[in-house]
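Structural description and commentary
The residues making up each chain are set out below.
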Amino acid sequence: MPPIDDTARQTGIRINPSILAADFVNMQTELARIATADFVHVDVMDNHFVPNLTFGPQMVERIQATSPVPLDVHLMITNPDRWAPGYAELGAASVTFHLEAAKEPVALARRLRDIGARAGVAVKPATPVEGLFDLLDDFDQILVMTVEPGFGGQSFMPETLPKLSRLADEARRRGSSVWLQVDGGIAESTIVQAAEAGADTFVAGSAVFGAGDPANAIAGLRATAREHHAH
């Protein structure tokens, strides 16, 4: 798999463009445009857990083969206990499943790690995070959705930020190195709020792929997040 960009290690801030905002007909070209990103965020939806259908394993395998940066796969699917390990086996650097959908989230996270992927868990806007406090060491990433999962282009939900702050505070208290990711409505203005609440990993769609110069957009988002990140 491609190495994780040294920028991610040096700054502790990661920008992961979402290919939901890319031109699917020219995917290889679109991936090349975000070569300066830390990861590419790949949303897998099954039209069951969420009311939308996107990619499956075959498409993710092709993205894995052509992407200049590692894959950050976000599974918005039912029964991730069965299907998530397959995405790790394809070579994805990070695989995130939804807490609401998993039957055995800790066992699944361990399986993903055993295969060689970072293990992530995601929560919808209405899902409390306190149940994750004792499980921080079991995950490499926690994704706090800042929109309802299922569609790109939604408006950022600032009411999700207090639980992000609680997660960040708890992670600091426990000395956890878990990454705190946000996904939904992230742009130059909203990334400030998310970074101040403690996020260090940011999924951005149209703010990157819709920019005339994606590399410049990525650099701008990274710099803004770094400036406002709550350490």
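Because the structure is a prediction, the values reported are computed rather than measured.

Analysis parameters
- Residues numbered from 1 in each chain as written.
- Predicted model: local features only at pLDDT ≥ 70, side-chain atom pairs only at ≥ 80, totals over all residues.
- Heavy atoms only, no water.
- Salt bridge = Lys/Arg side-chain N within 4 Å of Asp/Glu carboxyl O.
- Helix = DSSP H or I, 4+ residues; strand = E, 2+ residues; numbered from the N terminus.
- Buried < 20%, exposed > 50% of the residue type's maximum accessible area, 1.4 Å probe, protein only.
- Polar contact = N/O pair within 3.5 Å; in protein donor to acceptor, adjacent residues only side chain to side chain.
- Contact = heavy atoms within 4.5 Å.
- Phe/Tyr/Trp six-rings, centres within 6.5 Å; stacked < 30°, edge-to-face > 60°.
- Lys NZ or Arg CZ within 6 Å of the ring centre and 35° of its normal.
- Expected span 1.5 Å × (residues − 1).
- Arc of directions from axis to C-beta.

A side chain with one charge can pair with a side chain of the opposite charge if their charged atoms come near. Inspection of every chain in the model, using the stated rule, returns 11 salt bridges. With a shortest N-O distance of 3.1 Å, arginine 113 and aspartate 140 are connected by a salt bridge. Separated by 27 residues along the polypeptide, arginine 113 in helix H5 (residues 105-115) and aspartate 140 in the loop between strand S5 (118-123) and strand S6 (141-145) bring together distant segments of the chain. In this structure arginine 113 comes out as partly exposed when scored by relative accessible area, which is 31%. Taking the shortest distance from any N to any O, the salt bridge between arginine 173 and glutamate 170 comes out at 2.8 Å.

Tracing the backbone through its elements, the reader meets serine 18 in the loop between strand S1 (14-17) and helix H2 (27-33). Reaching out from serine 18, the side chain makes a polar contact with the side chain of aspartate 43 at a distance of 3.2 Å. Sequence-distant contacts of serine 18, that is, excluding residues within four places in its chain, are made with His41, Asp43, Val203, Ala204, Gly205 and Phe209.

This structure, assessed with the given rule, holds 3 aromatic pairs. For the ring pair phenylalanine 39 and tryptophan 179, a centre distance of 5.9 Å and an interplane angle of 70 degrees mean the geometry is edge-to-face. Of this pair, phenylalanine 39 sits in the loop between H2 and strand S2 (40-45) while tryptophan 179 sits in strand S7 (residues 179-183), and the two are 140 residues apart along the sequence. Neither residue differs from the other here; phenylalanine 39 and tryptophan 179 are each classed as buried. Positioned over the ring face of tryptophan 179 is arginine 14, at 3.5 Å from the centre of the ring. Over the aromatic face of phenylalanine 49 sits the side chain of lysine 124, whose NZ or CZ is 4.5 Å from the ring centroid.

Quick look at helix H9 (residues 214-228) now. In this model H9 runs 21 Å from its N-terminal to its C-terminal C-alpha over 15 residues, within 8% of the 21 Å that 1.5 Å per residue would give. If you check which residues of H9 are buried, you get Pro214, Ala217, Ile218, Leu221, Arg222, Thr224 and Ala225. One face of H9 carries all of its buried residues, which in axial projection span an arc of 165 degrees. H9 presents Asn216 and Glu227 as exposed residues on the side facing more than 90 degrees away from its buried surface. N-capping of H9 is provided by aspartate 213, with a side-chain oxygen placed 3.2 Å from the backbone N of alanine 215.

The values reported here are purely geometric and, on their own, carry no functional implication.
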